[in-house]
Amino acid sequence: MLGFGAKNIGIDLGTANTLVYSEGKGIVLNEPSVVAKNSKTGEIIAVGSEARDMIGRTPASIVAIRPMKDGVIADYDTTAAMMKYFIEKTVGGGKPYVMVCVPSGVTEVEKRAVIDATRVAGAREAYVIEEPFAAAVGAGLPIMDPTGSMVVDIGGGTTDVATISLGGIVSSRSIRMAGDKIDESITSYIRQHFNLLIGERTSEQVKIQIGSASVDKAGELEDMTIRGRDLITGLPKTIEVSATDIANAIQEVIEAIIAAIKETLEETSPEIAADVIDHGIVLTGGGALLKNLPEVISDATKVPVFIAQDPLDCVAIGTGESLKSIEVMKRKH
């Protein structure tokens with residue numbers, strides 16, 4: 001139907017990672033949203049995992065950049081080049097119809113930038129879907145039913161909170177407090193309290209290994225050895241950090257996420273609020289894996305909280321599943 005044997009594809013264009021869902025195959029690509037380019041010539045040297053390995057380790061003429069910031073396009077040309085690479089890697093020849101995921105708070109201008117970049121990257125036509133809606137589809141929530149569901153998608157750049165009923169978003173919040181902000185909080189805490197400068201990848205490893213949303217429960221986790229550069233001597237140094245230190249470092253981000261969830265709940269009708277109490281809040285995205293997060297959110301909202309089955313893949317699966325209704329999208333645009 002589409003010529004050239006091109007499949008329709010769904011892209012979860014994330015700040016940290018990009019996932020591609022191919023119709024009939026499921027998720028076929030999952031790579032970091034990173035591009036390495038020559039700063040003098042503008043030539044693209046590597047994309048994805050290969051480029052990510054270069055972060056913090058490149059010579060002066062090569063820069064490893066993340067063209068997406070806070071869930072939106074920060075560097076248009078580089079984003080288009082990155083998507084072109086991912087689309088070609090997935091589809092090979094031909095021009096597919098592409099569904100791309102965007103945070104719920106994006107402006108029309110930001111949406112248009114995503115559509116244009118996708119077309120430049122080789123799509124026959126591009127459509128956008130809002131992240132919490134895609135996450136709810138991917139998590140298998142009954143989005144078309146007249147019952148309310150609540151989903152919290154904690155990605156790299158944004159946390160998207162939404163209540164959904166009858167195939168649409170009833171109330172939503174999108175805040176630029178998510179995985180990347182947690183990493184930044186860890187980096188700045190360690191710099192202030194230990195005079196040690198650590199890189200992006202180290203702070204991410206700390207978050208994954210000993211990050212805890214609860215300060216009280218952090219004591220149950222073991223300490224972690226990290227390496228960086230001593231800010232006083234300028235020399236490499238190794239220190240031990242405790243999970244309690246890290247839990248304190250990231251509290252501000254956790255509190256912002258909880259505030260967004262409460263505000264979204266306050267905006268919903270009593271009927272939907274009652275449904276959410278019955279069915280619970282579903283967490284998706286990489287941030288859902290932060291230790292003790294479901295309990296902390298549940299304590300704050302007095303609502304049960306669950307982690308979706310494949311939290312990292314929910315948005316991509318939902319974006320891909322929405323391809324089935326692409327005919328509807330074509331009529332809308």
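Predicted model only: the values in this text are computed from it and were never measured. (Residues numbered from 1 in each chain as written. Predicted model: local features only at pLDDT ≥ 70, side-chain atom pairs only at ≥ 80, totals over all residues. Heavy atoms only, no water.)

Draft legend 1. Just the overall build of the protein chain, in detail. If you tally the helices and strands in the protein chain, you get 13 helices and 18 strands. Its C-alpha radius of gyration of 20 Å places the protein chain within 12% of the 20 Å reference for a compact globule of 333 residues. Split into buried and exposed, the 333 residues of the protein chain put 52% on the buried side. In the structure as shown, the protein chain presents an accessible area of about 14900 Å², 51% of it carried by carbon and sulfur atoms. Positive and negative side-chain charges in the protein chain, numbering 32 and 45 respectively, have mean positions lying 7 Å apart. (Helix = DSSP H or I, 4+ residues; strand = E, 2+ residues; numbered from the N terminus. Rg over C-alpha atoms; globule rule 2.2 N^0.38 Å. Buried < 20%, exposed > 50% of the residue type's maximum accessible area, 1.4 Å probe, protein only. Areas by Shrake-Rupley, 256 points an atom, 1.4 Å probe, with all protein chains shown as cover. Lys, Arg positive; Asp, Glu negative; His and termini not counted. Charge placed at Lys NZ, Arg CZ, Asp CG, Glu CD.)

Draft legend 2. Quick peek at the packing of helix H9 (residues 251–267) against helix H11 (residues 293–301). In the contact formed by H9 and H11, the axes pass within 10 Å of each other and the chain directions differ by 45 degrees. On the basis of the axis angle, H9 is oblique to H11. When you trace H9 past H11, the crossing you get is right-handed. Packed against H9, whose contacting residues are Ile 254, Ile 258, Ile 261, Lys 262 and Leu 265, the element H11 presents Leu 293, Val 296, Ile 297, Ala 300 and Thr 301 at the interface. (Axes fitted to C-alpha atoms, helices over the stretch in contact; angles between N-to-C directions. Parallel < 35°, antiparallel > 145°, perpendicular 65-115°, else oblique. Left-handed = near helix turned anticlockwise from the far one by under 90°. Contact = heavy atoms within 4.5 Å.)

Draft legend 3. Quick look at the packing of helix H4 (residues 131–138) against helix H12 (residues 314–321). Taken N-terminus to C-terminus, the directions of H4 and H12 make an angle of 90 degrees; their axes are 6 Å apart at the nearest point. Relative to H12, the element H4 lies roughly perpendicular. Residues Glu 131, Ala 134, Ala 135, Val 137 and Gly 138 of H4 pack against Cys 314, Val 315, Ile 317, Gly 318, Thr 319 and Glu 321 of H12. The residue makeup of the contact of H4 with H12, split by class, is six nonpolar, three polar and two charged. (Nonpolar A, V, L, I, M, F, W, Y, C, P; charged D, E, K, R; others polar.)

Draft legend 4. Representation of the nonpolar core within the structure. Counting residues in each nonpolar core, the largest one holds 44 residues, and the members touching the most others are Ile 190, Ile 226, Ile 261 and Ile 281. If one sorts the elements of this core by residue count, H9 sits on top with seven residues. With residues up to four places along the chain from it excluded, the contact list for Ile 281 reads Met 150, Val 152, Ile 261, Val 276, Thr 301, Val 303, Pro 304, Val 305 and Phe 306. Formed by 27 residues, the second largest nonpolar core is a distinct cluster that contains Met 82, Val 98, Ala 123 and Val 128. (Core = buried A, V, L, I, M, F, W, Y, C linked by side-chain atoms within 4.5 Å.)

Draft legend 5. Molecular detail of helix H10 (residues 270–279). Taken residue by residue, H10 has Ile 272, Asp 275 and Val 276 as its buried positions. Within H10, the buried residues cover an arc of 100 degrees as seen down the axis, which keeps them to one side. When the buried face of H10 is taken as reference, the exposed residues oriented beyond 90 degrees from it are Pro 270, Glu 271 and Asp 278. Taken together, the buried residues of H10 touch strand S11 (149–154), strand S12 (159–165), strand S13 (168–175), H9 and strand S17 (281–284). Directly after H10, the chain includes Gly 280, whose backbone phi takes a positive value near 85 degrees. (Arc of directions from axis to C-beta.)

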